[in-house]
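Summary of the model geometry
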Amino acid sequence: MNFTLLSVWLCSVKGQAESTCKLKAKFNLSGYKDVKKKVVVGGMFPVHMRIASTDGNTSRVPVSSGCEGFNFRTFRWTQTMLFAINEINERKDLLPNTDLGYVIYDSCFTISKAVEGTLTYLTGQDEAVPNYRCGSGAPLAALVGAGGSDLSIATARILGLYHFPQVSYFSSCSALESKFQFPTFLRTIPNDKHQSTAIAKLVLHFGWTWVGTIAADDDYGKYGIKDFKEQVEEAGVCISFSETLPKVSSPEDIQRIVQTVAEATAKIIVVFSSDVDLSPLITELIRHNVTNRTWIASEAWVTSALIMQPGVRSLLGGTLGFGIKRATIPGLEQHLLDLDPFANPLTEEFWETLFNCTLHYNKALWQMDQRAKEVNGTLSKAKRALPDGLCTGKEDLARLSNTYTDVSQLRITYSVYKAVYAVAHALHNMEHCVEGKGPFNGKDCADITNFEPWQLMYYLKNVRFKVPHTDEEIYFEDGDVEGFYEIINWQFDSNGEISYISVGQYNGTAAPEDRMTIKNDSIVWNNEVLEPPRSVCSENCQPGTRKGIRQGEPVCCFDCIPCADGEISNTTNARECILCSEDDWSNEAHDACVPKIIEFLAFGEPLGITLIVISAFGALVTIAVAVVFIMNIGTPLVKANDALLSFSLLFSLVVTFLCSIVFLGEPQNWSCMTSQVALALGFALCLSSIMGKAAVLMLRAQALKAARARSKAAAKAAKAAAEAAANSGSPDVIVTNTNNINDVNTSANPEVDRLTFAHQRAMAAVATLIQAIACTVWLIVLPPHAFKNTSAQNIKIILECDEGSVVFICCIFAYDILLALIAFIFAFIARKLEDHVSEGKSMTFGMLVFFIVWISFVPAYLSTRGKFMVAVQIFAILASSFGLLTCIFLPKCYVLLVKPERNKEELMRPRVKPRDGTSTGTSASLATTATEVTATTASTPIDD
């Protein structure tokens, strides 16, 4: 039926006697109305999808827009309210003394129509007067509606001014929870805060980090997506794109969204929208063959038949969504099938739309038959032939597969049913209030035939009842019910028929860890695959790598950068690599720290065994040489240059050979001190002994050189005198310079060496003692100690000896170098002092070998690491020791063992005189120099 409704009456007072009232507009509302009852319940449903467009002509009186786009799903909701009211009126246990009437309007899914209906409710008559209740009929109890969230927000702001109760069945927007803005708003559908949290948990459950969102351009879509984004972004999920569906048809916007979805790399798309707003986008996506996406549906469209279009299987197959509680309502299906198409203009439009025909002609026949029946009591038999395109009104609804008659997924329908019963139970509690025990004005009760909206609001807020047929207990907490959802999966059979399979549930009132349960194995995904799709901007960074954020892109878009050596990551998508401790190093995969390799030159490894053998061999050879010397202790060769210094030199070489073994094995504090000190003292004793021996030889060489010079001068003088005498005609005269000869003999006599054996020993002892004192101070102040070197090599811990003090060790070994230099200089000066063993040359070559070895050792030592540094040092010690042993003692041992006939005093005397006429030799050979000079002079001829 058509109602001429809300109009705003403008009353202007002219003076005190005249007033005028003028109707400013007429509303065009359609719906159902039965107000001849004790209490009237209001209802508002979006039976149509939109208001009809107007021509925008402003040259005539504006007319309230009509509606178009009949929605069979929401029409079922409307019929459910009528069914619930009829069921309540027939019950004897609920409102037994009160029948409920109804006023139901079509909001056309439009805010303006919802406001028109709200003003009409409040006025109580077809022509509305704001702020006045002009009707005289039954009181209006509450409004069940008004459909979508944006509609309810508009109506709730108006109804809240008058404390008029509103119970919504479909408005889930979280903004409506504010009791400050909407004090009289209640709902039987869960708050979208729960749904946004549930969708966020679903996304995190499957590890999706790259998600697209689409929201309707209304409060439902905006608030739902906003809450969802806040939760997933906090958990590290990134939004690939975020689009808004237009409320008014806009092909350009739809094309833009289609292009965005097709080009996006996100495989998961979350949609907060009603089926009405989403349907145009679905149609266009199917036309563009956009597939391979998984859609996450909000409760507003998850089971809507409006989305079910040809070809939707390839697009929406595998969709996951959240549906509110489902129930079976006995008797509702029959009520829907028993619809009388001629009873109301709205049902007439439904019938004509459903069967694609018109009822106009038959409506006239029906009216005629009704009149005939009232007059005659029989049906008129006058029938005319029906023209084409006309309906009879007797078409069978049960034959059609239509969303209106589909009662398999009664979710929003069930919410409508609960809303009507909530109002009925509140009225029942009001009606059965015991006078004197009521809640108002000191225990007063309200009169059910004449109550105020705020009084009913009290009972609605405190109502608690069980829903018929389901026994679900309903109560409101701050106007909301518990947040319970079924997780629904869209699965298609071979015939293309869809099934809404429950694969889990979400309970917002449970403990956080128990809120969501989901059966992964029951889900069939898009293209009927069984494995969940992956939706990431970048693949997960495996352990051993870290995330490197790309500049200017979301945090979910990143590069996987391998951890540096010594760093690890042992989790997926690690933001930073972890530095291993000093004793650990990263493995090859860089996903775990493993203990570093402990390295030191061990006794048992081949290199260690080789060095031990060489060291022992050197020590044994040295001992063998000492034994040879002991066996020949009284021979001229052994006695020639202080046997005790020779034994001290051999002892020091034994020490240096054996101390190299102490460098092997795992360093300990004692071994570090022993090896360094033994090496320093051993070389100090060795070099000081060589220095003492070389000093004597140097002095003898200097004495020999001076004797030679004097003998040459004497010979030259004698020759000159002889030549002078010959020239003067003197008789034969033999001239001898006895003074010079005596001088040479005296100075060249070995028995008058300026350095005795005692001096040599004292020199060696003092030099060694100085080193010993320095080593003692070193050991007391900053001794060497074992040290874990973790920085020399990354994957190894090198066990080595820390010298304790660089200054001390430099001073100590610099002292050894000083002794070596002095010994070398002395030996070099004495190198021409020749005898059968050439001891001066031997020591000179020995010191040259020593310097060559240690000069070569420095770069070799600095270029190696770990145990090879120790090996190089040991080789240097052994090489220098073998060099000294070989150069100094091999010639002597050769004489002692192979040529013992040379070990005689006379063979220690001068060797053959060189051809240049110069004379060289040992100190023992200088005694014959004067005789040679005399002989030379005597053989010179004298001229007559």
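These figures come from a predicted structure and were not determined experimentally.

**A word on the overall build of the protein**
Of regular secondary structure, the protein possesses 23 helices and 30 strands. Split into buried and exposed, the 944 residues of the protein put 49% on the buried side. In the protein, once contacts between residues fewer than 6 apart in sequence are set aside, the share between residues at least 24 apart is 71%.

**Some details on the sheet that holds strand β12 (residues 210-216)**
Judged by pairing direction, the sheet is mixed, and its eight strands sit side by side in the order β13-β12-β14-β15-β16-β19-β20-β21 without closing on themselves. The strands lining the two open edges of the sheet, one partner per strand, are β13 (238-245) and β21 (516-518). Direction aside, neighbouring strands of the sheet carry axes that sit 25° apart on average. Of the pairings in the sheet, the one linking strand β20 (residues 498-507) to β21 comprises three bridges and is antiparallel in character. Along β21, the bridge assignment pairs Gly504 with Ile518. Sheet contacts for helix α7 (residues 275-287): β12, β13, β14 (268-272) and β15 (294-297); angle to β13, the most-contacted strand, approximately 110°.

**Things to note about the state of the cysteines**
All chains considered together, the criterion is met by nine disulfides. One disulfide bridge connects Cys357 with Cys391, the sulfur atoms lying 1.1 Å from each other. Disulfide Cys357-Cys391: the torsion about the S-S bond is 120°, which places it as right-handed. A residue pair is termed long-range when its members are at least 10 positions apart, and Cys357 in the loop between α10 (345-355) and α11 (360-376) and Cys391 in the loop between α11 and α12 (412-431) qualify at 34 residues. For Cys357, a relative accessible area of 16% gives the class buried. Disulfide pairing places Cys580 opposite Cys593 at an S-S distance of 1.9 Å. An S-S torsion of about -90° defines the bridge between Cys580 and Cys593 as left-handed. With Cys580 in the loop between β25 (578-579) and β26 (584-586) and Cys593 in strand β27 (residues 593-595), the pair connects residues that are 13 residues apart, well separated along the chain. Classification of Cys580 by relative accessible area gives buried; the value is 9%. Here Cys811 is not cross-linked by a disulfide; its sulfur's nearest cysteine counterpart is in Cys810, at 6.9 Å.

**Regarding the layout of surface pockets**
To find leftover empty space, a probe the size of one water molecule is rolled over the atoms. Counted as a void, the largest pocket has a volume near 1,000 Å³. Forming the walls of the largest pocket are 40 residues, and the residues nearest its centre are Glu803, Ile809, Phe857, Tyr861 and Gln873. Broken down by secondary-structure element, the contributors of at least two residues to the lining of the largest pocket are α17 (669-728), β30 (796-802), α20 (806-829), α21 (839-862) and α22 (867-898). Broken down by element, the residue count for the lining of the largest pocket peaks at eight residues, all from α21. For the lining of the largest pocket, the class distribution of residues is 27 nonpolar, seven polar and six charged.

**Some points on the confidence of the model for the protein**
Within the protein, residue pLDDT values average 83, and 85% of them lie at 70 or more. Contacts for the low-pLDDT stretch residues 1-17, under 50 throughout, to residues beyond four places or in other chains number 69 contacts.

**A few points about empty space enclosed by the protein**
For the structure on display, the rule yields five cavities of 30 Å³ or more. Lining the largest cavity, in full, are Phe109, Gly148, Ser149, Asp150, Phe170, Ser172, Asp218, Tyr220, Ser274, Glu299 and Ala300. Taken together, the residues of the lining of the largest cavity sort by class into four nonpolar, four polar and three charged.

**Focus on the environment of Ile549**
Structurally, the position occupied by Ile549 is in strand β22 (residues 545-549). Spatially, the C-alpha atom of Ile549 lies 9.9 Å from that of Ile561, the residues being 12 residues apart in sequence. Setting aside anything within four residues of it in sequence, one finds Ile549 in contact with Val555, Cys557 and Phe558.

**Points about the nonpolar core**
Ranked by internal contacts, the top residues of the largest apolar core, which has 104 residues, are Phe350 and Leu427. In terms of residues, this core owes the most to one element, α12, which gives 13 residues. Leave out the neighbours within four places in its chain, and Leu427 touches Val39, Leu95, Leu100, Ala141, Ile448, Phe451 and Leu456. With 61 residues, the next largest nonpolar core counts Ala619, Phe663, Leu679 and Met698 among its residues.

**A word on a nonpolar patch on the surface**
Residues Leu769, Ile773, Val777, Ile780, Val781 and Leu782 make up a contiguous nonpolar surface patch of roughly 550 Å² in combined accessible area. On the secondary structure map, Leu782 appears in the loop between α19 (757-781) and β29 (785-789). When its relative accessible area of 40% is taken as the criterion, Leu782 is described as partly exposed.

**Some words on the pattern of salt bridges**
Opposite charge on two side chains permits pairing when their charged atoms draw close. Inspection of the entire model under this criterion finds 25 salt bridges. For Glu177, the salt bridge is made with Lys193, and the minimal N-O distance between the two is 3.3 Å. Residue Glu177 is located in the loop between β10 (166-168) and β11 (185-187), and its partner Lys193 is located in helix α4 (residues 192-205); the two are separated by 16 residues in the primary sequence. Between Lys867 and Glu605 there is a salt bridge, with its nearest N and O atoms 2.8 Å apart. Taken together, the residues Lys867 in helix α22 and Glu605 in the loop between β28 (597-599) and α14 (606-631) connect sequence positions 262 residues apart. Each member of the pair, Lys867 together with Glu605, is buried. Each member of the salt-bridge network shares a partner with another, and the members are Asp150, Asp218, Lys247 and Asp277.

**A look at unusual backbone geometry**
Only a minority of non-glycine residues have a phi that is not negative, and only a minority of peptide bonds are not trans. The omega torsion of the bond from Gly145 to Ala146 falls at 15°, within 30 degrees of zero and hence cis. Assignment of secondary structure puts Ala146 in the loop between β9 (140-144) and α3 (149-161). One non-glycine residue, Cys108, lies in the positive phi region at around 55°. Here Cys108 lies in the loop between β8 (100-106) and α2 (111-123). Of note, the phi angle at Asn356 is positive, near 55°, even though the residue is not glycine. Note that Asn356 resides in the loop between α10 and α11. Given the relative accessible area of 71%, Asn356 is considered exposed.

**Remarks on α19**
Between its terminal C-alpha atoms α19 stretches 36 Å, which fits the 36 Å expected from 25 residues at 1.5 Å a residue. Of the residues making up α19, those classed as buried are Gln760, Ala764, Ala767, Thr768, Gln771, Cys775 and Trp778.

**Considerations on the packing of aromatic side chains**
A complete count under the given rule lists 36 aromatic pairs for this structure. Aromatic side chains Phe72 and Phe350 sit 5.7 Å apart centroid to centroid with 75° between the ring planes, which places their arrangement in the edge-to-face category. Here the residue Phe72 occupies a position in helix α1 (residues 72-90), and Phe350 occupies one in helix α10, the gap between them amounting to 278 residues. Like Phe350, Phe72 is buried. Judged by centre distance (4.9 Å) and plane angle (55°), the ring pair of Trp77 and Phe170 falls under tilted. On the criterion of sequence distance, the pair formed by Trp77 in helix α1 and Phe170 in the loop between β10 and β11 is long-range, its members being 93 residues apart. Residue classification places Trp77 among the buried positions, given a relative accessible area of 1%. Among the residues examined, Phe170 registers a relative accessible area of 6% and is labelled buried. Ring pairs connect the aromatic residues Phe683, Phe824, Phe828, Phe850, Phe851, Trp854 and Phe857, which therefore count as one cluster.

**With respect to the packing of α4 against helix α5 (residues 219-234)**
Contact pair α4 / α5: the axes reach a minimum separation of 9 Å and the direction vectors enclose 45°. Comparing their axes, α5 and α4 come out oblique. For the pair α4 and α5, the sense of crossing is right-handed. Of α5, the residues touching α4 (which contributes Asp192, Lys193, Gln195, Ser196, Thr197, Ile199, Ala200 and Val203) are Tyr220, Gly224, Asp227, Phe228, Gln231 and Val232. Of the residues that constitute the contact of α4 with α5, the class distribution is six nonpolar, five polar and three charged.

**With respect to the pairing of strand β19 (residues 484-492)**
The buried fraction of β19 is high, at nine of nine residues. Bridging between strand β16 (residues 320-323) and β19 involves four bridges; their strand directions are antiparallel. Pairing of Gly323 across the sheet is with Glu486, part of β19. By the bridge criterion, nine bridges tie β19 to β20 in an arrangement that is antiparallel.

What counts as what
Residues numbered from 1 in each chain as written. Predicted model: local features only at pLDDT ≥ 70, side-chain atom pairs only at ≥ 80, totals over all residues. Heavy atoms only, no water. Helix = DSSP H or I, 4+ residues; strand = E, 2+ residues; numbered from the N terminus. Buried < 20%, exposed > 50% of the residue type's maximum accessible area, 1.4 Å probe, protein only. Contact = heavy atoms within 4.5 Å. Pairing = 2+ DSSP bridges. Axes fitted to C-alpha atoms, helices over the stretch in contact; angles between N-to-C directions. Disulfide = S-S within 2.5 Å. 1 Å grid on protein atoms, 1.4 Å probe; cavity = no way out; pocket = protein on both sides within 12 Å on 5 of 7 lines; lining within 4 Å. Points joined across faces, edges and corners; volume = space filled by probe spheres on them. Nonpolar A, V, L, I, M, F, W, Y, C, P; charged D, E, K, R; others polar. pLDDT = per-residue confidence, 0-100. Core = buried A, V, L, I, M, F, W, Y, C linked by side-chain atoms within 4.5 Å. Patch = residues over 30% accessible without salt bridge, like charges linked within 9 Å, V, L, I, M, F, W, Y side chains within 5 Å. Areas by Shrake-Rupley, 256 points an atom, 1.4 Å probe, with all protein chains shown as cover. Salt bridge = Lys/Arg side-chain N within 4 Å of Asp/Glu carboxyl O. Expected span 1.5 Å × (residues − 1). Phe/Tyr/Trp six-rings, centres within 6.5 Å; stacked < 30°, edge-to-face > 60°. Parallel < 35°, antiparallel > 145°, perpendicular 65-115°, else oblique. Left-handed = near helix turned anticlockwise from the far one by under 90°.

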